[in-house]
Structure formats: structure tokens, C-alpha cells
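Descriptive structure summary
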Amino acid sequence: MTDISPASGAGAPVIQSGHTYDSVTDKISSIVLTRRFGKGWWIGFGLGALGTMILTYAIGMLLIRGIGIWGVRVPVAWGFAIVNFVWWIGIGHAGTFISAFLLLLKQDWRTSINRFAEAMTLFAVACAGVFPLLHLGRPWLFYWLTPYPNTMQLWPQWRSALVWDVFAVGTYFTISLVFWYIGLIPDLATLRDRSHHRIGRIVYGILALGWRNAATHWQRYTQAYMLLAGLAAPLVISVHSVVSMDFAEAQLPGWHTTIFPPYFVAGAIFSGFAMVLTLAIPLRAAYGLQDFITLRHINNSGKLLLITGLIVAYGYGSELFMNWYSGDPYEWGTSMDRFQGSYRNAYAALLFCNILTPQLLWSGRVRNNVVIMWIISVIINVGMWLERYVIVVQSLSHDFLPSSWETYSPTVWDWATYIGTIGLFIMCLFLFIRFLPAISIFEMRELVHEVAEKEARHEATD
Amino acid sequence: MIDRCPHHHEEPEERLSAPSSPSPGTPGEGRVRALPQQPTSSISPTKLLPLPYRVPAQRDGKGGGEGVAQNFWRSFEELTQSPDFEKHLHREFPPDASIWKDGVTRRRFLALMGASVALAGLSGCYRRPQEKIVPYVIQPEQLVPGIALQYATAMPLAGYGKGVIVDQQMGRAIKVEGNPRHPSTLGGTDVYMQSAPLALCDPDRSQVPTNRGNVATWSGFDNEFRATVERFGGAAKVRLRLLTEPVTSPTLYAQIQKLRKTYPNLQWHQWTPLSNDSARNGLQAALGRDASVIYDFSKATRILSLDSNFLQDDPGSQRYAMQFIRNRTVRWKPETMAAHHEQARVNEPYTVVNPLPSPTEMNRLYVVESAFTISGAKADHRLAVKPSEVQAIGRAIAAEVAGTATALAGDLQQHAAFIRAVAADLREHWGKSIVIAGDGQPASLHQLAHTINATLGNVGQTVLYTEPVEPEPVVCLDSLRDLVHAIHNKQVDLLLIVGGNPVFDAPADLDFAAAVETVPWRAHLSPYLDETSFHCQWHLPESHWLEMWGDIRGHDGTVSIIQPLIQPLYSTRSALELLATIAGDGATSAHDLVKNHWANVWKNDVDRRWEAVLRAGVIEGTAAKTINLPAGQTAASTQPATSPAASPIEISFHSDPTIFDGRFANIGWLQECPKPITKLTWDNAALMSSATAISLGLADRDHPELANGKMVELKVGERTLRMPAWVHPGYADGVIVAHCGYGHTRLGRVANGAGFNVYSLRTTSAMHSAPVTVQKVEGTYPLACTQNHQLMHGRDIVKTSTIANLHEHNAAHEEEPIALEGEATEHGRRVKLSIYPEYDYRGYRWGMVIDQTACIGCNACVVACQSENNIAVVGKEEVMLSREMHWLRIDTYFSDAGRLEDEPAQRAAGAEVMFQPMLCQHCEKAPCELVCPVEATSHSFEGINEMTYNRCVGTRYCSNNCPYKVRRFNFFNYSSPEPSLAIMRNPEVTVRTRGVMEKCTYCIQRIDAERTGRKIEQVRAEERGEATTMRTISADMRGKLEELPATTHLTACQQACPTEAIIFGDMNDASSFVHRLKTAAEYQRIHYGVLTELNTQPRTSYLERLTNPNPALKIGAAPASPSARAGGAA
């Protein structure tokens, strides 16, 4: 840590030196409180809002006319909806991983990215949550999947992974929301105190829940935050494990695999970090946050991408090997179809995106190049979407009896819904950036203190 | 969520509006009640007689009953005065009939935006129309709502009748079954019979007469007809021509005779596009007189078909199919379906007579054909050739049989082995073989076939000649040609076309449309306002056969009475009524005409016999008389060969296997029914081999399937037609096969625009095949195929074996243990497949066995299931998205013999096709059940995998996890809200709404109906102090099953099957056939389940497909291994 070269991300500080409590608070809160709504913001927000309108329209169409407007069919009865659901849920994972796992592991570099990573989680899970509801044939009866008291004493069927899914995703959303909100409270108080606008003071005041910066507050707050982190950490593992069981529980070749839970979790963190980078890199440029989101963050995310990418690659390899080793003609038939069948291009593309591309991250120079990192992160996002597409669609299209083999193609409504959720995500994100501190102010102040202390210690030992 | 049961809606209201006529039934006919009289029709009170003998036994009340007609549409006169009339007319053509129509207007956009705010819940509810429900003031006797009554009647098709029994609920025809007493069907059915309820209720049927395109009345027609006759010089002078379909009906013929007296200048013509002209001519040449021929396949062990699709196209096909399969399957069955039902009732345990016939005893079928028909699919040896080559092969075989063989011509050399082997095999089975020629072949080949039969001693044994079944047999083509000729010579004043659609289906060179336009006055009676009606001044709506009186002969001449189940829904007349009116008999009802005709025949005891005949459905002893030929009368084959000239590419015209000659083109069930073998729906195509497609430049060697859907231009003579190509295995190179009947322009919403009109290529000189030039043209056409992969890829799906192999195998593995349900054999012992204990079924335990040897792929079961279970038609676009709803489908697989690498002859012959009816397997360990989050699909205590529609939220996970993919999902609200379709729906089965999964239930409604009926029977018997008539439980089951009556109920598919390929029953009942097939040692070598390695433990299981190839022939023979492993990954 002694030789800090700005060119090397690995050694870069988690916050540029020279910042004081004041400068941190000023810099971050000014984005919310004093900065004008720029043209860029309006364009971004407008695009997001447009996407949201498309989503609303697509949903209306779906409810009025029926699931048939999508491309789903027999045998591919699950299509874009489930692909997108898994993709969005996966994206959300990085947020929880950063806030909970890295918090527990006391990784100080997480501080500047955890807030918006959490927000990303929240919005991603919201986007994900749209799909399983809509993909029901009769979405208005979605509550039958929950155990609610009813006169017929009917309960959900506990053997079905779809019921576990309801609980897993529901829990995940709740915990993510609470965790994110609790993390926001001290900053909301800061905004309350600094806001020059009456409405701002009232709204932030209510949201701040009477935070007075008292020592007791801080003591309880830290306890609660750590406890929630403890709760959230297992969710990183459990949610995507359960989601993977939606597939692994079936006996369909290509789904029926024991490797799915760990492989899905790794894949989720993989895609989540890719999304963090995809968002963080433009964000730091746009709002001049290079001091807070430093090369160190990007570098570390790159390393995590490499590790999780390798786990995912192992998953592919293991699946392929087991299909061959089992001697099961159906499993092997599915594997061969991935290489030779109608979805061979999608499969080849996902191998390129998810296995080949991350290999670039072995190089430190690549990890420190912001532009290349951004491109890689986008490629990985695409690759992980393709992965889910191949798992869901290809496996279904090529099952046991050749008589039922059929290929799937999405319709305009599938695309509209998918693009619509991206719009919703973007819109939420822009609102979040504008109205809430995208970087945790109090944690950054803490970081300033810690860094200063560390430097002081260095000086003392010198 | 909304379980609309449409059957209780408008009915009572309608009933009130029907004029209540007092029953004029005679005192002796206590149970017979009159139909309400139609105000303006001349129909006098008529009687409907139910069938005393029911199939299945439980489904009706106590035998009696009467027809209560539904007067949905009053007469036109009444309607014109009613303000509802306009509304009624518009109701028939709802503005947005198509649910998958795209396109969004601005207003719609706003509506949707608003709707999406409301999100869910909105589409879950809508206002239902207000309905008045008024009960009967006086309950009609014997009419019990909810209990079906059965009536025997007959379905006419191109002049010949097939006996049926129709289920009727509250006056509505719900389901058609075969009449086991009818000689042409023996209780079997075909797709056309099964589709009758939809044909009756088709909203596109024409409902009123039209005069020059305007709505008119029947009295208007009658007046104008009389006036026109007067205009042309009165009845004595008028040159009236009558054009009908072939007529076998005795009463109709009597009416025509009467007409001839009234109108001395009357000329009668008969025309149907797919007639048996050449068969008639050939037989005439062979016997020197008019005759009909019937075959007895039950006595035939060697069959040679020369381009004949006798399993499907003959008026007696169901009988032939059953007889053919009886000599083929290794399981024993009672003589007929009727016997089967009675057997079940009187508790005679099934006995195995000859479980394993020797290869000599089992029949063997050789087929030489140009198309790929289901008969070819059942062949042990099939030779696909050009239509022009059939004759030469037939001659060569005849020469071999007669022992006068000379060296084969060059072209025939490649078939030399086949020709010799067939001839030798036929000779070895003297008197026990059949040589049958197809209608598409010239008369000379038919004559040749009769000669071979005579040589082989088959005449009088398996081939029977009878007096002609038709009273005045004609050669249809000559008859129509005469008519057109007469029209051109201005010899026709009035033309009355009764049935048929000659403008659509007449040979193109006759240009019937232009000719008919020149007739001064013309009228057309038909069920639709079709192409012919369009060219006539008067269109007269024709009654459906379910709403008319008549009589008709079967393939052997046996007469059936056609009796109505319902008063005509619309203002229609039958052919008989129309001719009677014209003949001046208008005052007599059709019922009386028919009855009087038979009264004249019977002389005495008329009422009793009439009633008996109506109950039985057939008039015994009316079969055509056999002609006893003096030995050697059959003409020797002196006629010179008249083989058509061969050409590089030939086109062969065939009747369509689902819409016949085009008359069923507006029936959605039939349009959506996948054609046997090709699995195409909604269209016809130019079917060809891959080599043909490659040679035409439509595809390359690696991907011949790329030719599918590419447009080609077919040129026959000067006529051209553009239609899409479809590549399929099993066609001879250089042959294009085209099915007729598509390409309607004016029939109905379903038919119009579907497919391509092949009749436009047919000319009088080329009625069945012709040289054709084929040119690739720009463009493609989407074709909806329900099965795109027809190779098994090495998977054991359809197991197939030869009878010889089976003998060997049985001898070799005598002591091997037999794996029972839920077990496997490993190292000579049985092991349980599941660690969980099996459920103990104390009551019934339903199961099904499907005999793949017996399945001929005719689709009767598919349509029967659709009719029984209210299965929706989804339309071509949805089929292309593979969203068809059939609960039962027939998977068709090809062996991979006959690949492109093979020699052409080998390639065509080697495409062995296997049918596998695939429906819910009702797995004991059902993969669908555990993945449903709301438990909408679950196992019943009788082992049926049940589907609770109300509980289903539509996650579709069950479908994903079903290895058989037999679950069907309502992606839209497929069930049409068309009011006229509501009356054909089976009230016992829920009509499913959007978002719900559905699938085969083993016809659980029939099980429950029988259970209820049996219980009532039991209680009543006990009340009377009688012993129950029910089957006693066999000793080993006693104790466990004390309370249970044995059952005889049949699933809809089982009942429809003409070859008894489907066997359903109680596996817990040791005397049941299903139990026997599933457990008895003699079947264990051929009994198997599909995908049992997944431990789904399906309770629908299969019997291996057995063939009996000639050991002397290798090419095209069934694979030698017990299970055909089709390798490769194409």
C-alpha cells in the first residue's frame, strides 16, 4: 500500500486523497440538492420513461388478449418471460453481494458502490418480479401461489419449485428494500439538513425517521445494519439456488442437473458485477465521481468477474461432461443439439461472451482500462442473457420425443416487455440518482476518517 | 375461472317460441312423440326412434325417448317480420371474428393504456348476457336433461352410406359413433363421420334459399320453378336435366323414376369428382356386365394393392380395415364391436385364441402405389412408383402368377425381386389372397386385378361379385361430359343440381362454370352457398343428414334409414324433399316417402318392421345379391396394356385424407386434423421426394427440407397451378402427389383461401394422373405441419418387430422374468424402480393399451376426441406456432431406411412409417403433478391424472415437465363464442377458457356416467329383489373389490377406432382385456411403455408394431432387429 501509482487500479485508493468530511458531503449531496436537471438527465429519464410506457402497453395488451401474444408454444412453454426473470434476478445479486457479503468481510472498497448497487438490486428484482406474474396464463390468480387462508383450505403445492420461488424472490425483495432503506437513513438526514427547499426538507425529514446523529442512534444503527447484512448474505446463495431449481427439479434434459444451484449463483454474481460496471462507469464520468469510484473498484470488480466467469465455465464443462458420461441419449441429444441445432448460434455466442471474453481480465492493463472494462461488462450482460435463453428455450425445444420438437421465436410483444423492463430499470435508476444520494455519504465520511487514520499510522511508523 | 356451459342458455326460451304441436302419435307408439311442426314447411309430424341397444350401455335412460327439435331459426317468413332478423344475420358474421388479428388504432392504444392501469382482474370478468331460464311446464316423457339418447342413422358420403349411432342431448347431436350392425363400418368410424356435429352446426351453412343473390323463400322457388316449366312448354316438353351425386338410395331413386314420368324429357346425370369409374369399367370388362365387387379381408392372408387405398377410400373401408387388422394383430378379439360390447355385458372372459400366429397365418400386405397412403403405411412391402408404372408391375405380377412370365422390360428390372416374390407368395396362398386395384388406375388394370383374382381362385372366396349397388350405375365422367355437351347444344332448359359442387370439382377442360352459365334456368341444392351456387340463379340450402329423413345403401348394398335427430336448424330441404316437391309429391313428408317406399317393399307388418329397422339402423337382407359366376367366365387378360406414357415427372391426384373431395373444407376439425403421414394441416401441397425437389432446384442435398413451402408451378397440358412444395420420404422420384379439395373461393370462412385448387389441373383425359412439368417460381408459402421431426434418432419410441423374430425371441427367452408396472428386469430378476411404496388402488385402476400393429393412422380417434371433449380449433397461424389443442395426436415416425444416399427404388420403398397414437399416459409417477405450484393436476384414487381447470393458473410447468408433451394450453380463448357452435358441445365436458392447461382425461365423464348408471341399476335391482345383472368380480380380486361393478365403458377414441387399436379398461379387473394385455405372459414380449426409463410408469402402454415381411425380399423389408433403431441425427 505504500507505492500508490495512479495507473495501477489494484493499488489505487478507494477514495482519492485530499477529501474532507465536508468535501465528501458537499460533492455527493450537491448532485441531489443543488445540481440542475441537466439535458443528459432528461434524455436518460425520458428514454426510461418511454420504455416504461412500452412496458405498460405491452402488459395491457397481454392482459386483454392473453399469453398467446407471446411466442411461447408447446413444447417451448416458457420463453422470454422466464429468461428475463432469471436474468434480472441474477443482475440483482451483485448488489446484495456487495452490500452484505463485502460488508461482513469488511471490504472497505465496497463503500462507494454499495448504495447504487443496492438500488440496482432493488430495481432489477422489481423488473424480474414482473415476469413470473405476467407469464401466468391467468395472472389475476397469482395469489394462489401464496399460502393464504381460504374457505377451500387449499394450499400451494410445496413440492413445486415455483412455490419456493415465490418465497425466495419475495424474501429477497423485502430484505433488499429494508437493507437499502436503512442504509439510506443517515444520508436522508443529511439531505434534510442541507436542503434549501421546504418540500425537500419535509419529504427527506419524514424519510429520515427522526435521525439526530446521536451516538445511541449510531450504535443501534450499526447493529441493525450488520444484522440485516447477516440476513441478506445467505440470500445471495439461496435465491438463485431456488431459481435454478425451477429448472433442476424438472426431468427435462438440459434442466435436470445437480450443478445448477452453484452454477446459477456464480452466474448471478457474474452478471451482477457486469451490470454494476455497466452502470458505474458512465455514472462516475457523468457526475465527476472519479474520486469516489476509483480504478480500484473497477479493478476489483474485474477480478470478481474473472473468478465467477471461471466458475460459470466450469459449470458448462461439467454439464457437458456429465451428459456424455451418463450415456443418457436424451441428455446427450440435448447437448449435441446445442452445438448443432437451431440454437447453435446462440450457444456459440454465449460461449464467446461468457467464457472467452472474461479471459481478457487476466491482464491488469485491461482491468485498468475503463472503456474496455465497460465493453467487456456489456458483452457479459449479453452473454448471460443468452445463457438463460439457451437453457430455457433450447432445452425445451428438444426433449424426449422427436415428434414434439419445435423451435421458438419471440414476438414483438416479448421484445416490448423485455425492452420495457429495461426502460423501467433505467427510469428508476435516473430517479434514484436525482433524488437520493447515489453514494453513501456517511460511509464515505467514515472512509475519509479511516484513510486519514491509516495515513497517520503510516506517518507514525515512518 | 369462467366455466361457461353453453348448453343451458337459449334453449328453454327457444323451446317456448317453438309452436307446440300436440302429439299425433298413434296409440301404439306411446313413446314416440312428434317434432314440433315447422310452420311453413311441408314436413308432417315425424317420429324419431331411439335405439334400444346402446353404446356404451350406460349413456342413456331406459331406452325410450323422443326427439325434441330445437327450433333455433324459425322460418324465413317469420324472421322477416321480426326485428331480430337483421341482428341474426349480423350475428353470423361478427366484426372481429379473428382473435389473433393484429394492428392497433389510436383509440385502442388509449383503451389499452387505461386497461393496463387496472392491470389484472380486468380480463377476469365480463358481463354475461342476460338469459331467461324457463323450465318445462310439462316434462316430455323420457327426456331427461343430461342423459344422452342414442339414435341409429346413416351418413351419406358420395352416394354410399355408413351406419352411425348419434348421441343426442336435449335434441342436440353431440357425438357420432359407428353402428356395429352396419356392414360397412362394423362399428368403426372415420374422420368424416366424427365431424358431423360440427358440420351440422357450422355457422357458415346456408340458411335460406337465395334467388340471384337475394334472400328468398322456398315457396318463391316452388312458384318460379313451376312458372319456368310452363315457360318452356310445360312438364311434358321442358328439357329438364338433373345432376346428382351417385345415388344408391332406393327412395330417392323411386322419386327420380317418378320425376321421369312427370317430365318425360328429364335426363339424369350423376357426378362425383373422385368416382370409381375405372373400377366400374374394369369390372364391366372383366365380367361382361355391370356389377359391384366386395372383398372379404377376413379370409385373405396375402393382399396385393395396386395403388388402392382400401383402408380409407372405399365405402367399405372401415369394414375392410377391421378385417385386415384382425388377421394381423396377435391379440384376439370378438367378431365385431357389437359382439365385443355384448361380450363385456354378459361377462364372458376374454380368451386368447391364437396369441402368436405363424408368419403364414398372419396376413401380409404388398402395396404398389404412387402416393403415400395409410394402406401403404401398413404394408409389409411397399413399392413407391410413378402412377404410370403400376400397370406394368401389375402385368408382370399377373404373368408370373399365371406362369406365362417372360423377361421383364428394362424399367421393371429393378423391381424384379419384388414382382417374383409377390407372385410366388400369392400363388402359395391359393384362394386366400386379394389383388385390389385403386380408383386412380385405368380400367385395364382393374380388369387385370380381377383376372389375377380369378387365376388365384379368390373369386367367391375373398372377392365377391354382386349385383350393382347403385340402381343405375353410370360412368360419372361420361355422364357429366354428356351434360356439358347437351348444354353446349342448347338442349337444356332447366338444370337442377342436387348436391355436389361441380363448378368447383368438374374436370377443368369441361369448363363447367362457363357451360352452366348458359343454361337458361338453373338451381343448386347444397349445404353451402358455394362456387356452383354462385353460378346458379337459385341456391337452395340443403339439410344436413342429421336433420333429414332418407335411406341409403352401404358398400354391399345394405340399406340404412337416415332419421333426423333434430328438426332442420334452418330453412333447408333434403334432396328427397326437393325432388318430391318437383315431382308433385310436396305434400308428403320425407318421412312418409321413405316409410311408404318400404311399406311397399314389405307389404305387411310395416309398423313393427319400420320401428325395428329404425332401432337397428340397418334393413337386414337388403345387401346386393351375389353373382355366381360360372367357372372361367372372368375374361382372360386379353386386353392390351394401356399403360399411360411415362414421363420424367408425373402428377397424381388423390382425395384428401381429411377433407375428402373438398366438401368438408369448411369443417375446422378436419382442416386442423393433421393429415396422416405428412402431418400437414389447413393446406395441400405438392408432395414429392427429396430427390425430386433437389432435381427441381428447390433444395440442396444436405437440406432437402428447405424445399418445404417453396412455390412451384405445375403445368399439366396448358393448365398451370402454383402451389408450395413439400418434401416427404416414401415418394417415388419423379412423382408429385396433390390432394384435391382445397382452394375454395366461396364455401365458408374456414374453407376459403385454404390450400390450392388441384381440380384446376384435372382434365377429362387426365383424371387421376398426368405428365407434368414443374418449375420453381419465386415465393414461399407457409405450411402448418404439426410434426417437423419424423426420425426417432435412435430412441426406442415405436418398437417394431417381425412376427418371425417374435417367434424366435419367445423361444429363446422363455424363462426370463417379466417386468411389471413400476419394475425393471436386471440380471434376470425384477427390481422396483421407485423407493416409495406404491399406492394401493382398492377400486378401479384404469389403464389403456394401444396396439400399434392395429393402428392404421386414419385419425378417427383424433376427431372423435375433439368432438367428445369440446376441443377447440385454433387456426392455421396458431398451428404454425404449434399450439394445436388435440389431446390425442398420432405421432408418425419413419425408419431411416430410404435416405438420400440409397438407390431411388430402395429409397422410396424403404421409408417405413410407424404410427403411434400419443395421448396423456396417466403416469403413475407423473412428472407434471409435482411441479404444479397450485396442485391443479393431481392423481385420482383410480389412477387417472386429473386436471382441475378451475384451479389452473397457467404456469405451464406441467407441460414443460411432461416427457410426452401431451398437455395443451389455451394461449387464447380458443373456444369460439359462435352461438350456433354452442349446441354441438358436449354438456358433460367443460369448455375451457384462456390461460388453462388441458389434456386427455381418459374420458372421465364417460366413466362417471357409467358409474352413476350402474349404481342406479344396482339399487333398482336390489329394490326389486333381483340379483344384479352385473359381472361378478373374479375370485382373486374378491374382498378387495367387493362393491364394484365391472365396467364396459369405452373412451371416445376407443369407440371411434375402426381397427380396435385402443383398449381401455380396469386393470384391477382380472377379467378385463386391459388386465390381460398388461399382465399375461403371452403379451409381455410385445408390451411396453414409452419412456419408461424415466420411471414415469405410464398406464397407457403399447403393443409393439408387428410386421410380416416376406423373407424372400430384403429391400424395403421391416428391419430385422426387434426394435428399429433409426440412427443418425438429421
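Relevant structure appears above.
If you're wondering where the values come from, they're calculated on a predicted model, not measured in any experiment.

**Examining the overall build of chain A**
- A count of helical and extended segments in chain A gives 15 helices and 0 strands.
- Taken against the 2.2 N^0.38 rule, which gives 23 Å for 462 residues, the C-alpha radius of gyration of chain A at 23 Å falls within 12% of a compact globule.
- For chain A, the C-alpha atoms occupy an extent of roughly 75 × 55 × 40 Å along the three principal directions.
- Expressed as a percentage of the 462 residues in chain A, the buried residues total 60%.
- Sequence separation of 24 or more characterises 82% of the internal contacts of chain A that already satisfy a separation of 6 or more.

**Structural notes on the overall build of chain B**
- The helix and strand tally for chain B stands at 34 helices and 41 strands.
- Considering chain B as a whole, with its 1130 residues, one finds that 65% of them fall into the buried category.
- Pairs at least 24 apart in sequence give 76% of the contacts found in chain B among residues at least 6 apart.

**Let's talk about the pattern of salt bridges**
Residues and elements named next belong to chain B.
- Taken as a whole, this structure holds 39 salt bridges over all chains when the rule is applied.
- Arg883 serves as the salt-bridge partner of Glu878, at 3.1 Å between the closest nitrogen and oxygen. Grouping residues by exposure puts Glu878 and Arg883 together as buried.
- Here the salt bridges share partners, and the residues they tie into one network are Lys175, Glu177, Glu868 and Arg1006.

**A closer look at the packing of helix H4 (residues 111-134) of chain A against helix H8 (residues 260-286) of chain A**
Residue and element names in this part refer to chain A.
- Orientation of H4 relative to H8, taken along the N-to-C sense of each, is 120°, at an axis distance of 11 Å. Here H4 lies oblique to H8, going by the angle between them. Classified by chirality, the crossing of H8 by H4 is right-handed. On H8, the residues that touch Phe116, Ala117 and Met120 of H4 are Gly272, Met275, Val276, Leu279, Ala280 and Leu283.

**Some details on the state of the cysteines**
All names here are of chain B.
- Summed over the entire model, instances satisfying the criterion amount to 0 disulfides over all chains.
- Free of any disulfide, Cys740 has its nearest neighbouring cysteine sulfur in Cys476, separated by 15 Å.
- With relative accessibility at 0%, the residue Cys740 sits in the buried group.
- No disulfide involves Cys1057; its sulfur sits 6.3 Å from that of Cys858, the nearest cysteine.

**Here we look at the sheet that holds strand S7 (residues 267-270) of chain B**
Residues and elements named next belong to chain B.
- Within the open sheet, the 7 strands sit side by side as S5-S4-S16-S15-S14-S6-S7. Their pairing is mixed. Looking at which strands have only one partner, the edges of the open sheet turn out to be strand S5 (214-215) and S7.
- Bridge count between strand S15 (residues 521-526) and strand S16 (residues 538-541): 4 bridges; the pairing is parallel. If you follow Ala523 over to S16, its bridge partner there is Trp538.
- Packing of helix H16 (residues 476-488) onto the sheet brings it into contact with strand S6 (240-244), S7 and strand S14 (494-498), and relative to S7 it is tilted by some 130°.
- Along the sheet face, helix H20 (residues 575-582) touches S6, S14, S15 and S16 and points at about 155° away from the line of S14.

**Some points on the packing of aromatic side chains**
- Counted according to the given criterion, the structure contains 76 aromatic pairs over all chains.
- Measuring from ring centre to ring centre gives 5.7 Å for A:Tyr57 and A:Trp413, while their planes differ by 50°; the resulting arrangement is tilted. Taken together, the residues span a long stretch of sequence, with A:Tyr57 in helix H2 (residues 39-65) and A:Trp413 in helix H14 (residues 412-435) at a distance of 356 residues.
- Every member of this aromatic cluster is reached through a ring pair, and the members are A:Phe80, A:Trp87, A:Trp88, A:Tyr343, A:Trp385, A:Tyr389, A:Tyr408, A:Trp415, A:Tyr418 and A:Phe425.
- Cation over ring: B:Arg746 sits above B:Phe534, and NZ or CZ is 3.5 Å from the ring centre.
- For B:Arg883, the ring lying beneath its charged end belongs to B:Phe971, and the centroid distance is 4.5 Å.

**Describing the pairing of S7(B)**
Residues and elements named next belong to chain B.
- In terms of strand pairing, S6 meets S7 through 4 bridges, oriented parallel. Looking across to S7, one finds that Arg241 is bridged to Gln267.
- Handedness of the crossover joining S6 and S7 through helix H8 (residues 250-262) is recorded here as right-handed.

**Quick look at the interface of chain B and chain A**
- Between chain B and chain A, the contact holds 72 residues from the first and 61 residues from the second.
- Between chain B and chain A, the buried area comes to about 5800 Å², and carbon and sulfur atoms account for 58% of it.
- In terms of surface lost to chain A, no three residues of chain B exceed B:Arg795, B:Tyr957 and B:Arg994, which account for 13% of the buried area on that side.
- On the surface where chain B and chain A come into contact, there are 1 salt bridge.
- The residue B:Lys965 makes a salt bridge to A:Asp399 at a minimum N-O spacing of 3.0 Å.
- Along the contact surface separating chain B from chain A lie 36 residue pairs in polar contact (both at pLDDT 80 or more).
- Among the elements of the structure, helix H4 (106-118), strand S32 (889-894), helix H29 (927-931), helix H30 (957-960) and strand S36 (968-969) of chain B are those that each provide at least two residues to the side of chain B that touches chain A.
- Considering each element in turn, the side of chain B that touches chain A owes the most residues, 6 residues, to H4(B).

**With respect to the nonpolar core**
- One finds B:Ile651 and B:Leu714 to be the most contacted residues of the largest nonpolar core, which totals 299 residues.
- What B:Leu714 contacts, discounting residues up to four positions off in sequence, is B:Ile651, B:Ala686, B:Arg719, B:Thr720, B:Leu721, B:Met723, B:Ile736, B:Leu761, B:Val772, B:Thr773 and B:Val774.

**Things to note about the sheet that holds strand S38 (residues 1062-1066) of chain B**
- Across the sheet, which stays open at both edges, the 4 strands sit in the order S38-S31-S40-S39 (chain B) with mixed pairing between neighbours. The two strands at the open ends of the sheet, each matched to only one other strand, are S38 and strand S39 (1087-1088) of chain B.

**Details of the packing of helix H7 (residues 215-248) of chain A against H8(A)**
Residue and element names in this part refer to chain A.
- Closest axis-to-axis distance for the H7/H8 pair is 8 Å, and the angle between their directions is 125°. Considered as vectors, H7 and H8 are oriented oblique to each other. Note that H7 runs across H8; the crossing there is right-handed. Seen from H7, the contacting residues are Val236, Ile237, His240, Ser241, Ser244, Met245, Phe247 and Ala248; seen from H8, they are Phe260, Pro261, Phe264, Val265, Ala268 and Ile269.

**Some words on the environment of B:Lys799**
- By the secondary structure assignment, B:Lys799 is in the loop between strand S27 (784-785) and strand S28 (800-802).
- B:Lys799 sits 303 residues away from B:Tyr1102 along the chain, and the two C-alpha atoms are 8.9 Å apart.

**Things to note about H16(B)**
All names here are of chain B.
- The first and last C-alpha atoms of H16 sit 18 Å apart over 13 residues, in line with the 18 Å expected at 1.5 Å per residue.
- Buried residues of H16: Cys476, Leu477, Ser479, Leu480, Leu483, Val484, Ala486 and Ile487, and no others.
- Phi for Lys490, located one or two positions after H16, is positive at around 60°.

**Brief notes about helix H9 (residues 295-326) of chain A**
- The terminal C-alpha atoms of H9(A), which comprises 32 residues, lie 46 Å apart, in line with the 46 Å expected from a rise of 1.5 Å per residue.
- Immediately downstream of H9(A), the backbone of A:Gly327 shows phi near 75°, a positive value.

**Let's talk about a nonpolar patch on the surface**
Residue and element names in this part refer to chain A.
- A cluster of nonpolar side chains, Ile43, Leu47, Leu50, Ile54, Trp415 and Ile419, forms an exposed patch at the surface whose accessible area comes to about 570 Å².
- For the nonpolar patch, the elements supplying multiple residues, two or more each, are H2 and H14.
- Looking at the nonpolar patch element by element, the count peaks at 4 residues for H2.
- Within the element layout of this structure, Leu47 appears in helix H2.

Analysis parameters
Residues numbered from 1 in each chain as written. Chains lettered and ligands numbered in written order. Predicted model: local features only at pLDDT ≥ 70, side-chain atom pairs only at ≥ 80, totals over all residues. Heavy atoms only, no water. Helix = DSSP H or I, 4+ residues; strand = E, 2+ residues; numbered from the N terminus. Rg over C-alpha atoms; globule rule 2.2 N^0.38 Å. Buried < 20%, exposed > 50% of the residue type's maximum accessible area, 1.4 Å probe, protein only. Contact = heavy atoms within 4.5 Å. Salt bridge = Lys/Arg side-chain N within 4 Å of Asp/Glu carboxyl O. Axes fitted to C-alpha atoms, helices over the stretch in contact; angles between N-to-C directions. Parallel < 35°, antiparallel > 145°, perpendicular 65-115°, else oblique. Left-handed = near helix turned anticlockwise from the far one by under 90°. Disulfide = S-S within 2.5 Å. Pairing = 2+ DSSP bridges. Phe/Tyr/Trp six-rings, centres within 6.5 Å; stacked < 30°, edge-to-face > 60°. Lys NZ or Arg CZ within 6 Å of the ring centre and 35° of its normal. Right-handed = clockwise from strand over helix to strand, strands pointing away. Buried area = accessible area lost by both parts, 1.4 Å probe. Polar contact = N/O pair within 3.5 Å; in protein donor to acceptor, adjacent residues only side chain to side chain. Core = buried A, V, L, I, M, F, W, Y, C linked by side-chain atoms within 4.5 Å. Expected span 1.5 Å × (residues − 1). Patch = residues over 30% accessible without salt bridge, like charges linked within 9 Å, V, L, I, M, F, W, Y side chains within 5 Å. Areas by Shrake-Rupley, 256 points an atom, 1.4 Å probe, with all protein chains shown as cover.

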